[in-house]
Amino acid sequence: MPGPTDRGRRQGGRALIVIDMINTYDHEDAELLLPSARRVVPVVARLIGRARAADTPVIYANDNFGLWRSHHGELVETALARSHAELVEPIRPDDDSLFVVKARHSVFYETPMSYLLWQLEIGTVVLCGQVTEQCVLYSALDAHIRHLSVTVPRDAVASIHPHLEAAALEMMERNMGARIVTADEVDFTLS
């Protein structure tokens, strides 16, 4: 029976994966992350809107922050009830959004992401969110080793350390063959 590693079923569809943007911003590096997050939220919101308009799957992949009894609705509600709700409200999941809860950096690590993408016949993932030099980088690597094409809009990813962000984007492009573009260059109408 074919499974998530069978490339024969991939038809080249694309999905937008929004990484760790449902956030309370009360973690250790939050003060360093907040300026970058504020810059990318409007860009991510436009990217989500364009993906939805093109009927491209929007998949939120988000840390559970160690709340092992929570579900995605509780994570969203908690983030909206905290002091930085203005960073969550513009990008909140709608009823058609898919949601994968993760516990580690990569959106693939011990999650159903590979199977979900296989089911949706996805061959290209567009990664946006935070943090570029951590979760976005590791997710790009895991997508690459699963033979997925990777696109990262550089203006739709947030970082803690700008110099590490630049290095991470270069590594994704050089070592993983990722397309590093601007959000406006992402075309969700392509199959």
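Residues numbered from 1 in each chain as written. Predicted model: local features only at pLDDT ≥ 70, side-chain atom pairs only at ≥ 80, totals over all residues. Heavy atoms only, no water.

Details of the overall build of the chain
Reasoning step 1: On a plain count of helices and strands, the chain comes out with 5 helices and 7 strands.
Reasoning step 2: Start at the N end of the chain and walk to the C end: the helices and strands fall as β-α-β-α-β-α-β-α-β-β-α-β.
Reasoning step 3: Within the chain, the proportion of its 191 residues that are buried is 51%.
Reasoning step 4: Long-range contacts, defined here as pairs at least 24 residues apart, represent 82% of the contacts in the chain between residues at least 6 apart.
Reasoning step 5: Here the chain has roughly 9400 Å² of accessible surface; of this, 51% comes from carbon and sulfur atoms. (Helix = DSSP H or I, 4+ residues; strand = E, 2+ residues; numbered from the N terminus. Buried < 20%, exposed > 50% of the residue type's maximum accessible area, 1.4 Å probe, protein only. Contact = heavy atoms within 4.5 Å. Areas by Shrake-Rupley, 256 points an atom, 1.4 Å probe, with all protein chains shown as cover.)

Quick look at the packing of aromatic side chains
The description of an aromatic ring pair uses the distance of the two centres, along with the angle that the planes make with each other.
Reasoning step 1: Enumeration according to the criterion identifies 2 aromatic pairs in this entry.
Reasoning step 2: A ring pair is formed by Tyr 60 and Phe 99, whose centres lie 6.1 Å apart and whose planes are at 10°; its orientation type is stacked. Of this pair, Tyr 60 sits in strand β2 (residues 58-63) while Phe 99 sits in strand β3 (residues 98-102), placing them 39 residues apart in sequence.
Reasoning step 3: Residue classification places Tyr 60 among the buried positions, given a relative accessible area of 1%.
Reasoning step 4: Owing to a relative accessible area of 18%, Phe 99 belongs among the buried residues under this scheme. (Phe/Tyr/Trp six-rings, centres within 6.5 Å; stacked < 30°, edge-to-face > 60°.)

A word on the nonpolar core
Reasoning step 1: Leu 16, Val 18, Tyr 25, Val 44, Leu 47 and Ile 48 are the most contacted members of the largest nonpolar core, which totals 35 residues.
Reasoning step 2: Counting only elements with at least two residues in this core, the list comes to β1 (13-19), α1 (30-53), β2, α2 (72-80) and β4 (122-130).
Reasoning step 3: The greatest single-element share of this core, amounting to 11 residues, is contributed by α1.
Reasoning step 4: With residues near it in sequence (within four places) discarded, Tyr 25 still touches Ala 30, Leu 33, Leu 34, Ala 37, His 84, Leu 87 and Gln 130. (Core = buried A, V, L, I, M, F, W, Y, C linked by side-chain atoms within 4.5 Å.)

Considering α1
Reasoning step 1: The sharpest bend along α1 comes to roughly 35°, located at Val 40, with the proline Pro 42 sitting one to four residues further on.
Reasoning step 2: By the burial criterion, the buried members of α1 are Ala 30, Leu 33, Leu 34, Ser 36, Ala 37, Val 40, Val 41, Val 43, Val 44, Leu 47, Ile 48 and Ala 51.
Reasoning step 3: Contacts made by the buried residues of α1 are with β1, β2, β4, β5 (149-153) and β6 (157-158).
Reasoning step 4: Once α1 finishes, Asp 55 follows within two positions and takes phi at roughly 60°, a positive value. (Bend = angle between axes of the 7 residues up to and from the residue.)

Describing the side chain of Thr 24
Reasoning step 1: Topologically, Thr 24 is positioned in the loop between β1 and α1.
Reasoning step 2: There is a polar contact of 2.6 Å between the side chain of Thr 24 and the side chain of Asp 26.
Reasoning step 3: Once you skip the residues sitting within four places of it in the chain, Thr 24 turns out to touch Thr 78, Ala 79, Arg 82 and His 84. (Polar contact = N/O pair within 3.5 Å; in protein donor to acceptor, adjacent residues only side chain to side chain.)

Notes on unusual backbone geometry
Reasoning step 1: Cis rather than trans, the peptide bond between Gln 130 and Val 131 has omega equal to 0°.
Reasoning step 2: Along the chain, Val 131 turns up in the loop between β4 and α4 (132-145).
Reasoning step 3: With a phi angle near 55°, Asp 20 is a residue other than glycine that sits in the positive phi range.
Reasoning step 4: With respect to the secondary-structure elements, Asp 20 resides in the loop between β1 and α1.
Reasoning step 5: Take Asp 20: its relative accessible area is 5%, and that puts it in the buried class.
Reasoning step 6: Phi at Asp 55 takes a positive value of approximately 60°, unusual for a residue other than glycine.
Reasoning step 7: In this fold, Asp 55 is placed in the loop between α1 and β2.
Reasoning step 8: On the basis of relative accessibility, which here comes to 72%, the residue Asp 55 falls in the exposed class.

Section: the pairing of β4
Reasoning step 1: Counted residue by residue, β4 has 9 buried out of 9 residues, so it is predominantly covered.
Reasoning step 2: Direction of pairing for β1 relative to β4: parallel, over a ladder of 7 bridges. The partner of Arg 14 across the bridge, within β4, is Thr 124.
Reasoning step 3: Sheet topology note: the β4/β5 ladder contains 3 bridges and is parallel. (Pairing = 2+ DSSP bridges.)

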